[in-house]
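# Coordinates in review
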Amino acid sequence: MTTLLEELIRAIEHWLRIVKEQVPLVDPTLDPVLLVPGIAGSILEAVDDAGNKERVWVRILAAEHEFREKLWSKFDASTGKTVSVNEKTKIIVPEDRYGLYAIDTLDPDMIIGDETVYYYHDMIVEMIKWGYQEGKTLFGFGYDFRQSNRLSETLDRFSKKLESVYSASGGKKINLITHSMGGLLVKCFVSLHSDVFEKYVKSWIAIAAPFQGAPGYITTSLLNGMSFVEGWESKFFISKWCMQQLLLECPSIYELLANPNFQWKDTPLLQIWRENLDNNGKKSSLLESYEPAEAIKMIEEALSKNEIIADGMHISVPLNLDILKWAKETHDILSSTKLPESVKFYNIYGTDYDTPHTVCYGSEHRPVSDLSRLLYAQGKYVYVDGDGSVPVESAKADGLNAVARVGVAADHRGIVCNHHVFRIVQHWLHAGEPDPFYNPLNDYVILPTSYEIEKHHEKRGDLTSVSEDWEIISSSDDQTMRPAKVPPMVSTLTASREGKEGTLEEAQATVVVHPEIKGRQHVELRAVGVSHGG
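All figures in this text were calculated on a predicted structure; none of them were measured in a lab.

## Looking at the pairing of strand S15 (residues 344–351)
Burial within S15 is extensive, with 7 of its 8 residues counted as buried. Both strand S10 (residues 201–207) and S15 contribute to a ladder of 5 bridges, which runs parallel. Counted as the bridge partner of Ile207 is Ile348 from S15. Bridge analysis of S15 against strand S18 (residues 404–409) gives 6 bridges, and the strand direction is parallel. By the bridge assignment, Ile348 is partnered in S18 with Val406.

Rendered as structure tokens:
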């Protein structure tokens, strides 16, 4: 249990951090950073024949209607591209703010809660504090996430983006930061355009990348749809069924299925309690388990009669076997990727969250008689460790020569606004204030400090005294950061609280802030705490 004295000291430490908070200035020495989002992480706009633009992802007002009208798609096996069913609609990604607009806040109108639609927003804000500048050293690459991660059109755009960032930053090589499926897009690019990648890229930090798929999450997405917004806000958003009809024609989703060629330590399964009849017509239940390659056949049968109605026409939307074939070729490309030796690769993955891996439909007492019923059933998960979407086993299996792989306790979406991750990324980018004692692999910081504590038991209670000293250092050589001034002062703070059973705690701390001399300010803390028994 934290004592009142400890809480008072922490409050003073927090106050010192606040008053010394850095006022960010542009650091022209930084190498450029290009942020690449994952699935559903880019704003999409629909353009009609007249050139009128309208945001269709993400939006709230008339969201489902516009989603069906503009985003429902069909896969063209001859080109490998998914195109809108509405032939009058073309989907584009806005390029405002050097590509950052499309991946910052997905609903710029902020009609619903901020955190619900934030994507790279917090990371962008943090990086600007480190000295990055939009259009000079900070850029974004949004893309049509319906498409395959190896679609030539997307990879050509990415190649041009690398070239433009390289030029805008004065010929400096680029640090890539990807999240989720963005890691697969970049890995495809490395495999197919290794020379371009080597020319322009210095390092690549992959965050929460499903390198071998997201088995449980994607299986249920194909059968039951997915929701990107939870809680009450989902009532204003797109239904899971509506999303499912889009996903069935998206190559990107099929490329997130469990890689059947990967040697899983914990094999993901599709389990179904099936209803059986013996020769006498007696019913019984049997649990059947299917590994990734076999599970596809069950999903195919379950979706065989699935259809949508668009423009008054009934359109069949089964599991798309052409996309499956395309996705298999993508998996082959991903499996053969070799990273250029000049590029440093880092991997951050999420841990400590129950992550769907095996999915079970039906039960012993309520078995499934018709596989088409799976579309209306609620699957039960067998979980493994991960970020809630991507298992640790998949995220760590990048198949590349990594400088470091670090697990962070964070969920799949929250990991890109996690301050632990920010600290790791800042360290690897050598950005902002130097943190020479920080080791992201062990996650500790050595802070030299004078610290003394004494404890005594007296008649009036337990007495604890603390003596602590800090040095606040402001480098006069660093012109990229300007620390706020802490005025010299002597201040005393007191606090008290009553506990259970009549206990009483009292604490008093005196803080002495000395004048700054040659960029250094000495701070003394002298504190005493008394605990009276009940």
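## Quick look at the nonpolar core
Grouped together as the largest cluster of nonpolar side chains are 127 residues, with contacts concentrated most on Leu35, Trp57 and Ile177. Discounting residues that sit within four places of it in the chain, Leu35 has contacts with Leu100, Ile103, Tyr120, Met123, Ile124, Met127, Leu138, Phe139, Gly140, Phe141 and Ile177. In terms of nonpolar packing, the next biggest core, distinct from the first, is built from 14 residues, Leu4, Val466, Val511 and Val523 among them.

## Remarks on the sheet that holds strand S17 (residues 380–386)
Strand order in the open sheet formed by 4 strands is S12-S11-S16-S17, with mixed pairing between adjacent strands. With partners counted over all chains shown, the strands left at the sheet margins are strand S12 (283–290) and S17, one partner each. Averaged over neighbouring strand pairs, the angle between their axes works out to 25° when direction is ignored. Inspection of the sheet shows strand S11 (residues 270–277) paired to S12 by 8 bridges, in the antiparallel sense. Across the sheet, the residue bridging to Gln271 is Ser289, located in S12. Here helix H8 (residues 215–224) sits on the sheet in contact with S11, strand S16 (353–361) and S17, set at roughly 50° to S16.

## Some details on the packing of helix H5 (residues 152–168) against helix H6 (residues 182–192)
Viewed as axis vectors pointing N to C, H5 and H6 meet at an angle of 85°, and their least axial separation amounts to 11 Å. When the interaxial angle is binned, H5 and H6 end up roughly perpendicular. Note on element contacts: H6 touches H5 through Leu185, Val186, Phe189 and Leu192, opposite Thr154, Leu155, Phe158, Ser159 and Leu162. Class assignment for the residues of the contact of H5 with H6 results in 7 nonpolar, 2 polar and no charged.

## Here's the deal with the pattern of salt bridges
Evaluated as defined, the whole model comprises 14 salt bridges. Two residues, Asp104 and Arg97, come together in a salt bridge whose shortest N-O distance is 3.0 Å. Where Glu134 meets Arg97, a salt bridge forms, and the shortest distance between an N and an O atom there is 2.8 Å. Of this pair, Glu134 sits in the loop between helix H4 (121–129) and strand S8 (138–140) while Arg97 sits in the loop between strand S7 (90–92) and helix H3 (114–117), and the two are 37 residues apart along the sequence. One continuous salt-bridge network, built from bridges that share partners, spans Glu54, Glu66 and Lys70.

Parameters and conventions
- Residues numbered from 1 in each chain as written.
- Predicted model: local features only at pLDDT ≥ 70, side-chain atom pairs only at ≥ 80, totals over all residues.
- Heavy atoms only, no water.
- Buried < 20%, exposed > 50% of the residue type's maximum accessible area, 1.4 Å probe, protein only.
- Helix = DSSP H or I, 4+ residues; strand = E, 2+ residues; numbered from the N terminus.
- Pairing = 2+ DSSP bridges.
- Core = buried A, V, L, I, M, F, W, Y, C linked by side-chain atoms within 4.5 Å.
- Contact = heavy atoms within 4.5 Å.
- Axes fitted to C-alpha atoms, helices over the stretch in contact; angles between N-to-C directions.
- Parallel < 35°, antiparallel > 145°, perpendicular 65-115°, else oblique.
- Nonpolar A, V, L, I, M, F, W, Y, C, P; charged D, E, K, R; others polar.
- Salt bridge = Lys/Arg side-chain N within 4 Å of Asp/Glu carboxyl O.

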